[in-house]
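# Summary of the model geometry
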Amino acid sequence: MKIGFIGLGIMGESMCENIVKKHDDDVYAFDFVKEKVDLLASKGAKPCENSNELAKACDVIISMVPKSEHSRAVYEGILENLDSSKFCIDMSTIDPSVSVEISEMVKKTGAHFIDAPVVKSKPAAIAGTLGIYVGGSEEDFERALPILKYMGENVIRMGDNGKGLVMKICHNALVSQIQNGVNETITLAKANGISIPTFAQAISYGGGQNFYLDGQASKLDAEDYTTAFSIENMAKDVNICCNLAKECKVNMPGEENARRVYQTALDKGMGKEDFRATIKVVREQ
């Protein structure tokens, strides 16, 4: 079974590398940035000039691209090379409704399709310990599971096509609101002479302990904004959430506030910084 990987960004690069290391057949790779393809080729992947070359060669086609329009373009571009022998896995974080449209388009060719967005960031992608939320049939989930396990340790089916993405958007919305609460309370504590390390230790004694603060406290204290997950990527997810909530007639004032913080960060030119850098926006308000 030959596997192809399209999109070798911050996450995709390490996800593809894990497949190369663990899979016992050929793994193909493509990205518009040739240097990224060359890097994976140096690790054992077979380089491709374009997505169509990859789709023709592979039984399983995995995509990991930034936005809805990119996912749509990938699958529209390879559609002529899809048939019942092909299995498509889109691991991008995009609008659930767009993913459903893509799934319908792909399945008309006879090919299989699941959405399988990931949670956690670059270190987990390197370690192969991502969380993965799957939308698709039970049969397709079971078929894809061994491949997904190359990249993640916790893999769960959320329902039919699009539901993996709904869960990913809910997850990141919750993270954005926890993050905003951490930012605000750290800022208040520091204004009263409490350091970030002391704040984090004290929070761990009670019900406010959370994964975000545990993992980010030392970097926030050091003002280290080296990018593992960018503000612009999280802003995209926050906006998807707010749009989805509007479609579903669900009121989410906390997420609307998170969207305001992220938009301010983008307006300040902070989009490429790590998403924890939003604390600078909160401090300046």
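Keep in mind that this is a model prediction, so the values were computed, not measured. (Residues numbered from 1 in each chain as written. Predicted model: local features only at pLDDT ≥ 70, side-chain atom pairs only at ≥ 80, totals over all residues. Heavy atoms only, no water.)

## Side note on the pairing of strand β8 (residues 130-135)
- Buried residues dominate β8, accounting for six of its six residues.
- Residues Leu-130, Ile-132 and Val-134 point to one face of β8 and Gly-131, Tyr-133 and Gly-135 to the other, with burial holding for every one of them.
- By the bridge criterion, two bridges tie strand β7 (residues 118-119) to β8 in an arrangement that is antiparallel. Opposite Val-119, over in β8, you have Gly-131 as the bridge partner.
- Where β8 lies against strand β9 (residues 152-159), six bridges are found, and the strand directions are parallel. Within the sheet, the bridge partner assigned to Leu-130 lies in β9 and is Gly-152. (Buried < 20%, exposed > 50% of the residue type's maximum accessible area, 1.4 Å probe, protein only. Helix = DSSP H or I, 4+ residues; strand = E, 2+ residues; numbered from the N terminus. Pairing = 2+ DSSP bridges.)

## What about the packing of aromatic side chains?
- All chains considered together, the criterion is met by four aromatic pairs.
- Here Phe-30 and Phe-32 contribute two aromatic rings whose centre-to-centre distance is 5.2 Å and whose plane-to-plane angle is 75°, an arrangement assigned as edge-to-face.
- Grouped by ring-pair contacts, the aromatic residues Tyr-212, Phe-229 and Phe-275 constitute a single cluster. (Phe/Tyr/Trp six-rings, centres within 6.5 Å; stacked < 30°, edge-to-face > 60°.)

## Brief notes about unusual backbone geometry
- A positive phi angle, close to 55°, is found at Glu-223, a residue other than glycine.
- In this fold, Glu-223 is placed in the loop between α10 (211-221) and α11 (231-247).
- With a phi close to 60°, Lys-249 is a non-glycine residue in the positive phi region.
- Mapped onto the elements, Lys-249 comes out in the loop between α11 and α12 (253-267).

## A short note on the environment of Lys-149
- Looking at the element boundaries, Lys-149 is found in the loop between α7 (138-148) and β9.
- When the C-alpha atoms of Lys-149 and Gly-164 are compared, they prove to be 16 Å apart, with 15 residues separating the residues in sequence.
- When neighbours within four sequence positions are excluded, Lys-149 is seen to be in contact with Lys-22 and Val-155. (Contact = heavy atoms within 4.5 Å.)

## Observations regarding the pattern of salt bridges
- All told, the structure shown has 16 salt bridges when counted by the stated rule.
- As a salt-bridge pair, Lys-43 and Glu-17 come within 3.7 Å of each other at their nearest N and O atoms. With Lys-43 in the loop between α2 (34-42) and β3 (46-47) and Glu-17 in helix α1 (residues 10-22), the pair connects residues that are 26 residues apart, well separated along the chain.
- A salt bridge links Lys-34 to Asp-38, with the nearest nitrogen and oxygen atoms 3.0 Å apart. (Salt bridge = Lys/Arg side-chain N within 4 Å of Asp/Glu carboxyl O.)

## Quick word on the packing of α11 against α12
- Running from N to C, α11 and α12 point in directions that differ by 145°, and their axes come no closer than 9 Å. Considering how the two elements wind past one another, α11 and α12 form a crossing that is left-handed. Of α12, the residues touching α11 (which contributes Ile-231, Glu-232, Met-234, Ala-235, Val-238, Asn-239, Cys-241, Cys-242 and Asn-243) are Glu-255, Glu-256, Ala-258, Arg-259, Tyr-262, Ala-265 and Leu-266. (Axes fitted to C-alpha atoms, helices over the stretch in contact; angles between N-to-C directions. Left-handed = near helix turned anticlockwise from the far one by under 90°.)

## Brief notes about the environment of Asp-38
- Structurally, the position occupied by Asp-38 is in helix α2.
- By relative accessible area, Asp-38 is classed as partly exposed at 36%.
- Sequence separation of Asp-38 and Cys-48 is ten residues, and the distance between their C-alpha atoms is 9.7 Å.

## Describing the nonpolar core
- Core analysis: the biggest nonpolar cluster contains 34 residues, and Met-15, Ile-62, Ile-89, Met-91, Ile-132, Leu-148 and Met-151 have the highest contact counts within it.
- Considering every element that reaches this core, the biggest residue donor is α1, with five residues.
- Among the nonpolar cores identified, the runner-up in size contains 25 residues, and Ile-196, Leu-213, Ile-231 and Val-238 belong to it. (Core = buried A, V, L, I, M, F, W, Y, C linked by side-chain atoms within 4.5 Å.)

## With respect to the side chain of Ser-14
- Residue placement: Ser-14 occurs in helix α1.
- Classification of Ser-14 by relative accessible area gives buried; the value is 6%.
- Other than its neighbours up to four places away in sequence, Ser-14 contacts Lys-122, Ala-125 and Ile-126.

## Things to note about the state of the cysteines
- Counting across every chain of the model gives zero disulfides.
- Counting only cysteine sulfurs, Cys-48 is the nearest neighbor of Cys-58, a cysteine outside any disulfide, at a range of 6.2 Å.
- Judged by relative accessible area, which is 0%, Cys-58 ranks as buried.
- The thiol of Cys-88 is unpaired, and the distance to the nearest cysteine sulfur, on Cys-58, comes to 11 Å. (Disulfide = S-S within 2.5 Å.)

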